[in-house]
Amino acid sequence: NLALHEANPICFYNAEMQQKAEFQSRIESLQQGALSRKEFEVWYQPKYDLATRKCIGAEALVRWRSRELGFLMPGQFIPRFESNGFITQLDFYMLTHVMETVKERRTTGLPIVPVSVNQSRLHMQEKNYLAYMQRLKTYYGAEDIELELTETAFDFDTPEMREHALHVMHELHEMGFRLSIDDFGSGYSDLTILNAIPLDVMKIDRSLLLAANGAKRMQAVLARMIDLGHALGMTVICEGIETREQEEMLRSYGCDHGQGYLYGKPMPEAEFSSFLEQHI
Ligand code: C2E
Ligand code: MG
Ligand code: MG
Ligand code: MG
């Protein structure tokens, strides 16, 4: 309401901010119950090989079908879960579900692609993280499971925290989990982590792809980033591919894999299962 806004900007913003704050505390009061009622769903978005145009993987992404609040996207609740710590429980739920599903598909002979799961930076500083991951690995196997950590997860407050996180990453890799650096190029990374962590996959952020649209200088940046990933022995994937032109540009720069609406939006598990039968 523009008129109201102009007449009394302070009042306008207060009402909106209060609504947001109320929604956020609502989320917090419902989180635990939602987890036990299994309101969080694992959706899958396909990843493609840019050369063969075949589905070679998927990313697991959370959706919340809340009895009280309706259908929610991660952007509406993940920030709150990050600040109140609940994200670690949700991540374990997601990862456990994915590992269970992959194992089940393997035993029943259904088609499988490697699945990546997002891991909050909070895990890095959590005491029981490695023990829990070891249990999951022993029970389900770490094959075909990739862990995505955003670039900003490696922005540490102290040298001790950095050392510990590097140790955790090495241990995870040792257990057989593949490691991916997510949203690469979107923040200000400490590039020395590229050498300090056994990373398997570089996942280039969608913002770089958008910035390269028709801009020669950013195209050069994108191409050199792909080369950098390869020079370090990583598989390179770009997120947010929506057009054939973007796909062709990335392919010409030697990018290995792609993810985006061009190939498929995130979809519920059953839907992804039939998708796989047709696109693998
Ligand atoms: P992300 O890990 O970078 O995931 C990619 C996001 O980009 C997803 O948004 C996906 O739907 C969206 N996307 C994919 N292709 C395209 C495209 O072609 N165009 C556009 N415009 N967008 C595209 P989503 O599902 O809303 O997830 C947002 C973020 O929430 C994720 O970003 C991730 O950081 C976080 N997240 C999602 N699930 C989890 C989870 O289980 N645990 C944790 N810790 N974070 C999660
Ligand atoms: Mg991700
Ligand atoms: Mg990403
Ligand atoms: Mg992203």
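Residues numbered from 1 in each chain as written. Chains lettered and ligands numbered in written order. Predicted model: local features only at pLDDT ≥ 70, side-chain atom pairs only at ≥ 80, totals over all residues. Heavy atoms only, no water.

**Quick word on the overall build of the chain**
The helix and strand tally for the chain stands at 11 helices and 10 strands. Taken over C-alpha atoms, the radius of gyration comes to 20 Å for the chain, in line with the 19 Å a tight globule of 280 residues would show. Each principal axis of the C-alpha atoms in the chain carries an extent, and together these give about 55 × 50 × 45 Å. Considering only contacts in the chain between residues 6 or more positions apart, those separated by 24 or more positions represent 68%. Summing over all exposed atoms, the chain offers an accessible surface of approximately 14300 Å²; the carbon and sulfur share of this is 53%. (Helix = DSSP H or I, 4+ residues; strand = E, 2+ residues; numbered from the N terminus. Rg over C-alpha atoms; globule rule 2.2 N^0.38 Å. Contact = heavy atoms within 4.5 Å. Areas by Shrake-Rupley, 256 points an atom, 1.4 Å probe, with all protein chains shown as cover.)

**Remarks on the packing of aromatic side chains**
Counting across every chain of the model gives 16 aromatic pairs. When the ring of tyrosine 139 is compared with that of tyrosine 140, the centres are 4.9 Å apart and the planes differ by 85 degrees; the resulting orientation is edge-to-face. With relative accessibility at 57%, the residue tyrosine 139 sits in the exposed group. You can call tyrosine 140 buried: its relative accessible area is 15%. With a centroid separation of 6.0 Å and 20 degrees between ring planes, the pair formed by phenylalanine 272 and phenylalanine 275 is classed as stacked. (Phe/Tyr/Trp six-rings, centres within 6.5 Å; stacked < 30°, edge-to-face > 60°. Buried < 20%, exposed > 50% of the residue type's maximum accessible area, 1.4 Å probe, protein only.)

**Considerations on the packing of helix α5 (residues 129-140) against helix α6 (residues 159-175)**
Two numbers describe a pair of packed helices, the interaxial angle and the distance between the axes. Across the interface, α5 lies against α6 with an axial gap of 11 Å and an inter-helix angle of 10 degrees. When the axes of α5 and α6 are compared, the pair comes out roughly parallel. The residues of α6 that touch α5, namely those facing Tyr129, Leu130, Met133, Gln134 and Lys137, are His167, Val168, Glu171, Leu172 and Met175. Residues of the contact of α5 with α6, tallied by class, amount to 6 nonpolar, 2 polar and 2 charged. (Axes fitted to C-alpha atoms, helices over the stretch in contact; angles between N-to-C directions. Parallel < 35°, antiparallel > 145°, perpendicular 65-115°, else oblique. Nonpolar A, V, L, I, M, F, W, Y, C, P; charged D, E, K, R; others polar.)

**What to know about the confidence of the model for the chain**
Low pLDDT marks stretches whose predicted atomic positions should not be read closely. For the chain, per-residue confidence averages 94 on the pLDDT scale, and residues scoring 70 or more make up 95% of the total. Across the interfaces of the predicted complex, the ipTM metric reaches 0.98, alongside a pTM of 0.94. (pLDDT = per-residue confidence, 0-100.)

**A few points about the site of ligand 1**
Residues in close proximity to ligand 1 total 24 residues, the closest being Glu59, Arg63, Asp91, Glu242 and Tyr261. The contact in question runs from an oxygen atom of ligand 1 to an N or O atom on the side chain of glutamate 59, over 3.0 Å. Here a nitrogen atom of ligand 1 and a side-chain polar atom of arginine 206 are 3.2 Å apart. In isolation ligand 1 has 800 Å² of accessible area, and contact with the protein removes 83% of it. Elements that contribute at least two residues to the shell around ligand 1 include exactly β2 (55-66), α3 (74-84), α4 (87-108) and β6 (178-184). Ranked by residue count, the leading element in the shell around ligand 1 is β2, at 4 residues. For the shell around ligand 1, the per-class residue count stands at 10 nonpolar, 5 polar and 9 charged. (Near = heavy atom within 4 Å. Polar contact = N/O pair within 3.5 Å; in protein donor to acceptor, adjacent residues only side chain to side chain.)

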